[in-house]
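Letter by letter, the chains look like this.
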Amino acid sequence: MADSNDDTFDPTTPEQRQIGREMVDESTGLGSVMAHAYRGELGRVDTWRQRLDQTTTWAVTVMAAILTWAFSSPDNPHYILLIGIVVVAVFLGIEARRYRDYDVFRARVRMIQENLLATALDPSRDVEHTDWRVELSQDYREPTVKVSMQEALANRLRRVYLALLGVLLVAWVFRVTAFAPREDWIETAAIARIQGPVVIAVVVAFYVALLAIALWPRERQAKGEFRKGKEGDWKDSDAKDESRN
């Protein structure tokens, strides 16, 4: 293996990028370092995963409390449900920001798994990224987020928050219609001096914007999602060989 202090050192050459094969044959200092680094990155992934779950838990808890209070009496104002929509949307923003941080460490874990561990387990296949060591080194030197805020919002909306906000929308519609059958529902939707049609238009525009963010086609930057293959294919070597060909 070439000296890493040599000016001609190129970590993308076959000899250098295939350190997974060397780890199988003999113990190296770099292998020990990578093992500890991998363990540390897994710990960070777990920590940020818990933070994501905590945000969702708080959103569900607040939503449940607001729904309970809104329907506990006909005299309670309907706009408490709109306040709940705003609060859950705030949690969405917090969780999207946390997701971006979570993805930084998940991307590192996937980089090590794809190019180091996978190659060590099956040296007959090449690495996924020939310059993976350069990319990982650069990310350790200057950590950067891997996904945009729009993609993070879309991810959390599709996974969790469209369902939560959808429940609040249905509850609000029910509250201003069936829960107040003796009044015109458009007038019931009014808030103080804000007329009902204005309130309805704002709510509709908000949900159209949410759907646009969640469903708008874009190239994904996040790594590590389970989006390829079918259940059970990973144990079917014949199917994998066919898919490669």
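Up top is the structure these notes are about.
Residues numbered from 1 in each chain as written. Predicted model: local features only at pLDDT ≥ 70, side-chain atom pairs only at ≥ 80, totals over all residues. Heavy atoms only, no water.

> Quick rundown of the overall build of the protein chain? Include the residues and the values.
Regarding its fold elements, the protein chain presents 9 helices and 0 strands. The order of α-helices and β-strands along the protein chain, N terminus first, is α-α-α-α-α-α-α-α-α. The contacts of the protein chain with a sequence gap of at least 6 include a subset with a gap of at least 24, amounting to 78%. Accessible surface, the protein chain as shown: approximately 15,200 Å² in total, 57% of it carbon and sulfur. (Helix = DSSP H or I, 4+ residues; strand = E, 2+ residues; numbered from the N terminus. Contact = heavy atoms within 4.5 Å. Areas by Shrake-Rupley, 256 points an atom, 1.4 Å probe, with all protein chains shown as cover.)

> Before we move on, can you summarise a nonpolar patch on the surface with the specific residues and values?
Residues Ile-194, Val-198 and Val-202 make up a contiguous nonpolar surface patch of about 250 Å² in total accessible area. Residue position: Val-198 is located in helix H8 (residues 196-215). (Patch = residues over 30% accessible without salt bridge, like charges linked within 9 Å, V, L, I, M, F, W, Y side chains within 5 Å. Salt bridge = Lys/Arg side-chain N within 4 Å of Asp/Glu carboxyl O.)

> Provide a residue-level description of the side chain of Asp-103, including the pertinent values.
Position of Asp-103 relative to the elements: it lies in helix H4 (residues 79-121). Polar contacts involving the side chain of Asp-103 include one to the side chain of Arg-106, which spans 2.7 Å. (Polar contact = N/O pair within 3.5 Å; in protein donor to acceptor, adjacent residues only side chain to side chain.)

> Give me the lowdown on the nonpolar core, citing residues and values where you can.
Ranked by size, the top nonpolar core spans 49 residues in total, and within it Leu-81, Tyr-161, Leu-165, Leu-168 and Trp-172 carry the most contacts. Here this core gets 16 residues from one element, more than from any other, and that element is H4. Look past the residues within four positions of Tyr-161 in its chain and what remains in contact with it is Thr-55, Thr-56, Ala-59, Val-88, Phe-91, Leu-92, Glu-95 and Arg-156. (Core = buried A, V, L, I, M, F, W, Y, C linked by side-chain atoms within 4.5 Å. Buried < 20%, exposed > 50% of the residue type's maximum accessible area, 1.4 Å probe, protein only.)

> Now, about H8: what can you tell me, with residues and values included?
Note that an α-helix has 3.6 residues per turn; residues three or four places apart therefore point the same way. Given a rise of 1.5 Å per residue, 20 residues ought to cover 28 Å, and the 29 Å separating the end C-alpha atoms of H8 matches this to within 8%. Within H8, burial applies to Gly-196, Val-199, Ile-200, Val-203, Tyr-207, Leu-210 and Ala-214. For H8, the buried positions fall inside an angular range of 100 degrees around the axis, keeping them on one side. Elements that come into contact with the buried residues of H8 comprise H4, helix H6 (149-176) and helix H7 (185-188). (Expected span 1.5 Å × (residues − 1). Arc of directions from axis to C-beta.)

> Tell me about the environment of Trp-132, and name the residues and values.
Position of Trp-132 relative to the elements: it lies in helix H5 (residues 132-141). Taking the C-alpha atoms as reference points, Trp-132 and Met-111, separated by 21 residues in sequence, lie 7.0 Å from one another.

> Go over the packing of H4 against H8 with me, naming the residues and quoting the values.
Closest axis-to-axis distance for the H4/H8 pair is 13 Å, and the angle between their directions is 25 degrees. In terms of axis orientation, H4 runs roughly parallel to H8. Considering how the two elements wind past one another, H4 and H8 form a crossing that is left-handed. Contacts from Leu-82, Ile-85, Ala-89 and Leu-92 in H4 reach Val-199, Val-203, Phe-206, Tyr-207 and Leu-210 in H8. Tallied by class, the residues present in the contact of H4 with H8 amount to 9 nonpolar, no polar and no charged. (Axes fitted to C-alpha atoms, helices over the stretch in contact; angles between N-to-C directions. Parallel < 35°, antiparallel > 145°, perpendicular 65-115°, else oblique. Left-handed = near helix turned anticlockwise from the far one by under 90°. Nonpolar A, V, L, I, M, F, W, Y, C, P; charged D, E, K, R; others polar.)

> Let's hear about the packing of aromatic side chains: which residues, and what values?
Inspection of the entire model under this criterion finds 3 aromatic pairs. Ring centres of Phe-71 and Phe-174 lie 5.9 Å apart, and the angle between their planes is 40 degrees; this geometry places the pair in the tilted category. Of the two residues, Phe-71 sits in the loop between helix H3 (29-70) and H4 while Phe-174 sits in helix H6, which places them 103 residues apart along the sequence. Given a relative accessible area of 27%, Phe-71 falls into the partly exposed group. With a centroid separation of 5.5 Å and 85 degrees between ring planes, the pair formed by Phe-206 and Tyr-207 is classed as edge-to-face. In this structure, Arg-49 packs its charged tip against the face of Tyr-102, placed 5.7 Å from the ring centre. Above the ring of Trp-48, the side-chain terminus of Arg-51 is found at 4.4 Å from the ring centroid. (Phe/Tyr/Trp six-rings, centres within 6.5 Å; stacked < 30°, edge-to-face > 60°. Lys NZ or Arg CZ within 6 Å of the ring centre and 35° of its normal.)

> Please set out the packing of H4 against H5 residue by residue, giving values where relevant.
Where H4 contacts H5, the two axes come as close as 11 Å, and the packing angle between them is 155 degrees. Classified by the angle their axes make, H4 and H5 are roughly antiparallel. The crossing of H4 and H5 is left-handed. The segment H4 lies against H5, with Val-104, Arg-108, Met-111, Ile-112, Asn-115 and Leu-116 engaging Trp-132, Glu-135, Leu-136, Asp-139 and Tyr-140. Looking at the contact of H4 with H5 residue by residue, the classes come out as 7 nonpolar, 1 polar and 3 charged.

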